[in-house]
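Structural features, examined
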Amino acid sequence: MRDAGDDERVVVVGSGLGGLAAACTLAGRGYAVTLCDKNAWVGGKAAVLQERGYRFDMGPTILTVPRVLRRIWAEAGRELETALDLVPLDPQWRSFFTDGTTLDLQADVAAMRATLDAYAPGSGSGDGYGRFMALSKRLHRISDEFFFWRSVGGMRDMFEPRTTFSVSFLKDLLGMRMGRSVAGTVRSFVPDERAAQMLDHFTQYVGSSPEASPAVLCGIAHMQSHDGVWYPRGGTGAVPRALASLAVDLGVEIRTNTPVRRVLVEQGRVRGVETEAGETIAAAAVVSNSDTVRTHRELVAGDASRRFLGRRKYEPACSGVVLYLGLDTRYEQLIHHNFVFSEDPHEEFDAIYRRGEPAADPTCYVCAPAVTEPEVAPPGGESLYVLVHTPYLRPHHDWSKMLPDYRDRIIRKLVETAGMKDLERHIVVERAITPQDINDRYHVLDGAIYGLASHGKFMGAFKPANRSPDVEGLYLAGGSAHPGPGMPMALMSGWIAADCVDADKLVAPARPAAALA
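No experiment lies behind these values; they were computed from the predicted model shown.

Let's shift gears to the overall build of the chain. When its secondary structure is counted, the chain shows 15 helices and 20 strands. Since a compact globule built from 517 residues should have a radius of gyration of about 24 Å, the 22 Å found for the chain is in line with a globular shape. Referenced to the eigenvectors of the C-alpha coordinate spread, the extents of the chain come out at roughly 65 × 60 × 50 Å. Per-residue burial for the chain yields a buried fraction of 61% across its 517 residues. A fraction of 73% describes how many contacts in the chain between residues 6 or more apart in sequence connect residues 24 or more apart. Looking at the chain as shown, the accessible area adds up to about 19900 Å², and 51% of this sits on carbon and sulfur atoms. In the chain, 57 positive and 64 negative side-chain charges are present, and the distance between their average locations comes to 4 Å.

Structure (structure tokens):
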């Protein structure tokens, strides 16, 4: 082992899931890493709120594809199970519809087919679901082979030149169903509108309209069915805590309350960062876990910024209102994850994604974790997390005035569609965050929860590549970088960014890789 010189350090900007994943992967491979975050905590949006015996995960609540975490722990030569206790959840979520019916999403495809045949008899939805999941499996395989675990910024990054004109390549290209939307693809297989509405919501992991998102995102359905939905005991906040602990064990220097003012670039190459306090931290590589657009607007100056911002139109994904409700009772009809659906999804998506206004009849995602971990609330109570998607911030949105009425609309929706009788009477603790709060607290683009929108039936799945084409030594991680938002994708983005640093050899490791030591 040796001390890292000024040109042999990697700085990670931001300790969200992508930044922590990058720091752990780099440190596991022997690099000297300094991680800076403007906040007093690590984890970014995966923060925790505690009040009067109630504990709430403030950001992501659904964990899928734990093999991404396993790969990160394997970089350190360790097993994930030594750090996290993951509880499988099946049914994966429960759907409440305005006609008074409920439908559970099950991981097993055969069981789900039978459930749909009983739920919508004579519609062919069960058989259609089986065929849809076969397509989803194929799309997931294509993503695993060409899209995941590598830096991708567009179609040309996905394929090797020698395979471009092969028969198998052309079959895979056609199999991506380019030019088709998620919503159109779902309905071509599953005619029951309620079941289709449930399946639309796989794209809500990426904060985009199913009617404008590319069909390749239907691969998320197989990914979730195959890899499962999991709850980390201690809440999803346990994930960044475990990552931070691993990082420290591997020698990462974590500096909270350290906002970065700019990335230092000389002759097109990264030389370090400058903090808000005026300190310079020299580095040969920088991984930005900050929003990719804001990274280039605010941290990277000159031609590199102009090239990035001029490359394409970067549309924010949706934002949201989150209510944190500590209850003195539980509602037995709720399972851990629930969707309380709108009556008309087309009208809902049109309002949010085209008109830029909160939906009059919103879909509510409700997480009720006490069914899995009673300790999140006082005995007999519940710590509800209620998320309603809204447009990203527009200039005329004043959520300090909009929230009270919209909060009441959400409560009425839960009472009327999910049967949560006397909900107001059972609220002991209530807190909320709005799109403006999300924008200010997490320094994201226009309050977007999920980074950049996945709209566009041909190219909507593509986000900025993890290896910057504009600045040598700059790498991008997080929900607004490839492969996109959601817990596993944000974690994967950090691993990819770290893998690119390692491959590019702009910085030398300070010690042997942990997995090989």
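The rest of the description comes next.
One open sheet holds the 3 strands; their spatial order is β5-β9-β6, and the pairing between them is antiparallel. Edge positions in the open sheet fall to β5 (63-64) and β6 (86-89), since each of these has one partner strand only. As defined by bridge partners, β5 adjoins strand β9 (residues 229-232) across 2 bridges and the pair is classed as antiparallel. Across the sheet, the residue bridging to L63 is W230, located in β9.

As a further point, take the packing of aromatic side chains. Taken as a whole and assessed by the stated rule, the structure comprises 16 aromatic pairs. For the pair W149 and W495, a centre-to-centre distance of 5.2 Å together with 90 degrees between the ring planes defines the contact as edge-to-face. With a gap of 346 residues between them, W149 in the loop between α4 (125-147) and α5 (167-175) and W495 in helix α15 (residues 487-504) connect regions that are remote in the sequence. Across this residue pair, the class does not change: W149 and W495 are buried. With a centroid separation of 5.9 Å and 70 degrees between ring planes, the pair formed by Y324 and Y385 is classed as edge-to-face. One end of the pair, Y324, is in strand β15 (residues 319-327); the other, Y385, is in strand β18 (residues 382-390), with 61 residues separating them in the sequence. Among the residues examined, Y324 registers a relative accessible area of 1% and is labelled buried. Counting every residue linked through ring pairs, the aromatic cluster contains F56, W93, F97, Y119, F202, Y324, F339, F341, Y365 and Y385. One Lys or Arg, R71, reaches over the ring of W149 and ends 3.8 Å from the middle of that ring. A cation over a ring is seen here: R71 above W495, with NZ or CZ 4.9 Å from the ring centre.

Once that is clear, we can look at the packing of α4 against helix α6 (residues 182-189). Relative to each other, α4 and α6 sit at 135 degrees, their axes nearing to 8 Å. In terms of orientation, α4 and α6 fall into the oblique class. Residues G128, Y129, R131, F132 and L135 of α4 pack against T185, V186 and F189 of α6. For the contact of α4 with α6, a count of residues per class yields 5 nonpolar, 2 polar and 1 charged.

Relative to the helices and strands, V10 resides in strand β1 (residues 10-13). Separated by 13 residues in sequence, V10 and A23 place their C-alpha atoms 8.6 Å apart. In this structure V10 touches L26, A32, V33, T34, A285, V287, V501 and V507, once residues within four positions along its chain are discounted.

What follows concerns the sheet that holds strand β20 (residues 474-476). Spatially, the 5 strands line up as an open sheet ordered β10-β2-β1-β14-β20, and their pairing is parallel. Whereas interior strands pair on both sides, the edge strands pair on one side only; in this sheet they are β10 (253-255) and β20. Strand-to-strand twist in this sheet, taken as the mean axis angle between neighbours without regard to direction, amounts to 20 degrees. Pairing between strand β14 (residues 285-288) and β20: 3 bridges, direction parallel. The partner of S288 across the bridge, within β20, is L476. The strands touched by helix α1 (residues 17-28) are β1, β2 (33-36) and β14; relative to β2, the strand with the most contacts, the crossing angle is about 170 degrees.

Procedures and definitions
- Residues numbered from 1 in each chain as written.
- Predicted model: local features only at pLDDT ≥ 70, side-chain atom pairs only at ≥ 80, totals over all residues.
- Heavy atoms only, no water.
- Helix = DSSP H or I, 4+ residues; strand = E, 2+ residues; numbered from the N terminus.
- Rg over C-alpha atoms; globule rule 2.2 N^0.38 Å.
- Buried < 20%, exposed > 50% of the residue type's maximum accessible area, 1.4 Å probe, protein only.
- Contact = heavy atoms within 4.5 Å.
- Areas by Shrake-Rupley, 256 points an atom, 1.4 Å probe, with all protein chains shown as cover.
- Lys, Arg positive; Asp, Glu negative; His and termini not counted.
- Charge placed at Lys NZ, Arg CZ, Asp CG, Glu CD.
- Pairing = 2+ DSSP bridges.
- Phe/Tyr/Trp six-rings, centres within 6.5 Å; stacked < 30°, edge-to-face > 60°.
- Lys NZ or Arg CZ within 6 Å of the ring centre and 35° of its normal.
- Axes fitted to C-alpha atoms, helices over the stretch in contact; angles between N-to-C directions.
- Parallel < 35°, antiparallel > 145°, perpendicular 65-115°, else oblique.
- Nonpolar A, V, L, I, M, F, W, Y, C, P; charged D, E, K, R; others polar.

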